[in-house]
Amino acid sequence: MAKIVAVHAHPDDLEILAGGTLAYLASLGHAVTMVTATAGEGGSADLPPNETGRTRLAEGAAAAGRIGAHHRCLGFPDLGVFNDDASRRKVTELLRETTPDVVITASPADYHPDHEAISLLVRDACFAAPVANYRTGAAPALPGIPPLYFTDAIGGRDRDGNPLRREFGVDIGRHYDTKRAMVAEHRSQVAWVARQHGISDFVGDMDAWTRKVGHDFGVSYAEGFRQYRHPPYPREMKLQHLLGAVVLNP
C-alpha cells in the first residue's frame, strides 16, 4: 500500500483536477490524504467567512469520504497563502507527519494566487522534509525527497491564457461517476461560481473540462499531470507505476 498526499488550495480544487485519479488509487487500496491549504472562506457572497469556511470544509470532508480518503486543512486564510518561512514549515511538517510515497499538488502557474502559492510551498516542502536541521515540529525528517507531481491548472492555462504543458494523462472513465459525485458535494459553490466566474453549471463545467482532457488523449474522461524531476527531486515514475494501464501518453 502506498501513501498518496494531495494538497491544493481550496475545497473542490482536488476534486475538479484529480478526483478521478485519487478515486482510482483509493480503489486499489492505497491510502489517500486530501489536504486543502484554506477552508475557502472567501467562497460566498451570502455567508460570513467563518460559516462559509465551516460549510466548505464539511463539503470537502464529504467528498473525501466518498473514496475513503483522509481530509485535512492547513488553516491558511483564503487569498492569504504565501510562500514564506512559517508557511513552508507548516507544509513541511504535514509531509513529515504523513510520510507520503507520492505528493500531488497544484500547477505552479494558474489563475488564482493561492493555487500558485501552495504549489511553490509544497515543492519547497518536499525538498525541506528530509533536512533534519530544518525544524518544524514533532515529526521526524523524511528519509528522502518524495516524488512530486503537479495537476493541470484550472482550464489548462496560465494567467495570460497561454496553454500549459502536461506530461501524461490518467484515464478515469471507470471512476468518473465517483469524481462527479465528489464535485457535487460542494453545493455551496454553485451560486458562488456563477457569481464570481460567470459559470452557470458548476458540475457541468467540470464535466466539460474532464471530457476535453479525455479528448486530448483519445478517451472519454481524463485528468492531466506533470512530474517535477529537477535534481535532486526523484525521477522515479512512482505515480505512473501505481496507476499502471490507465496512464495515457500524449
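Our subject in this report is the structure included herewith. Predicted, not measured: the structure shown is a model, and the values here were computed from it.

## Quick look at the overall build of the protein
- When you go through the protein residue by residue, the secondary structure sums to eight helices and eight strands.
- What you see for the protein is a C-alpha radius of gyration of 17 Å, in line with the 18 Å of a compact globule of 250 residues.
- Along the three orthogonal principal directions, the C-alpha set of the protein runs to about 50 × 45 × 35 Å.
- Counting over 250 residues, the protein shows a buried share of 54%.
- For the protein, long-range pairs separated by at least 24 residues make up 77% of all intrachain contacts whose partners lie at least 6 apart in sequence.
- Accessible surface, the protein as shown: approximately 10900 Å² in total, 51% of it carbon and sulfur.
- Considering the protein, the positive charge centre built from 26 side chains and the negative charge centre built from 30 side chains are found 5 Å apart.

## Some details on the nonpolar core
- Among the nonpolar cores identified, the biggest contains 43 residues, and Ile4, Leu22, Met34 and Ile104 are the most heavily contacted of them.
- Here the element with the most residues in this core is helix α1 (residues 13-27); it accounts for nine residues.
- Those residues within four positions of Ile4 in sequence are excluded, and the remaining contacts are Leu22, Leu25, His30, Ala31, Val32, Thr33, Val102, Ile104 and Leu242.
- Counting 26 residues, the second largest nonpolar core, distinct from the first, contains Val5, Ala37, Phe76 and Tyr228.

## Details of the packing of aromatic side chains
- The tally for this structure, following the rule as stated, stands at six aromatic pairs.
- An angle of 85° between the planes, with centres 6.1 Å apart, marks the rings of Tyr149 and Phe168 as edge-to-face. Note that Tyr149 is positioned in strand β5 (residues 148-151) and Phe168 in strand β6 (residues 168-171), a separation of 19 residues in sequence.
- Between Tyr176 and Tyr221 the ring centres are 3.9 Å apart and the planes differ by 5°, which places this aromatic pair in the stacked class. In this pair, Tyr176 sits in helix α5 (residues 176-184) while Tyr221 sits in the loop between α7 (202-217) and β7 (222-228), placing the two residues 45 residues apart along the sequence. The two residues Tyr176 and Tyr221 agree in class, both being buried.
- Grouping aromatic residues by their ring pairs yields a cluster made of Phe127, Phe150, Tyr228 and Tyr233.

## What about the state of the cysteines?
- Scanning all chains against the criterion turns up zero disulfides.
- In this model Cys73 remains outside any disulfide bridge; the closest cysteine sulfur is found in Cys126, 19 Å from its own.

Rules used in this analysis
Residue numbers here run from 1 along each chain, matching the order of that chain's written sequence. Under the rules for a predicted model, residues below a pLDDT of 70 receive no local features and side-chain atom pairs below 80 are neither given nor counted, while totals for whole chains, interfaces and linings still include all residues. Hydrogens and water are ignored here; the side-chain numbers use all heavy atoms of the structure. Helical segments are the DSSP runs of H or I of at least four residues, strand segments are the runs of E of at least two, and each set is numbered from the N terminus. C-alpha atoms define the radius of gyration in this analysis, and the globule rule sets the expected value at 2.2 Å times the number of residues to the power 0.38. Buried, partly exposed and exposed residues are distinguished by accessible area as a fraction of the type maximum, computed with a 1.4 Å probe on protein chains only: under 20%, between the cut-offs, and over 50%, respectively. In this analysis, two residues are considered to be in contact whenever any of their non-hydrogen atoms come within 4.5 Å of each other. Exposure was quantified through the Shrake-Rupley algorithm and a 1.4 Å probe, taking into account, for residues, occlusion by the shown protein chains and nothing else. Within this scheme the basic residues Lys and Arg register as positive and the acidic residues Asp and Glu register as negative, but His and the chain ends are omitted. Here the site of a charge means atom NZ of a Lys, CZ of an Arg, CG of an Asp or CD of a Glu. The criterion is simple. A nonpolar core is a set of buried Ala, Val, Leu, Ile, Met, Phe, Trp, Tyr and Cys residues joined through side-chain atoms within 4.5 Å. Stacked, edge-to-face and tilted labels apply to pairs of Phe, Tyr and Trp rings (six-membered ring for Trp) whose centres lie within 6.5 Å, assigned for plane angles under 30 degrees, over 60, and everything in between, in that order. In this description, a disulfide is simply a cysteine sulfur pair whose atoms lie within 2.5 Å.

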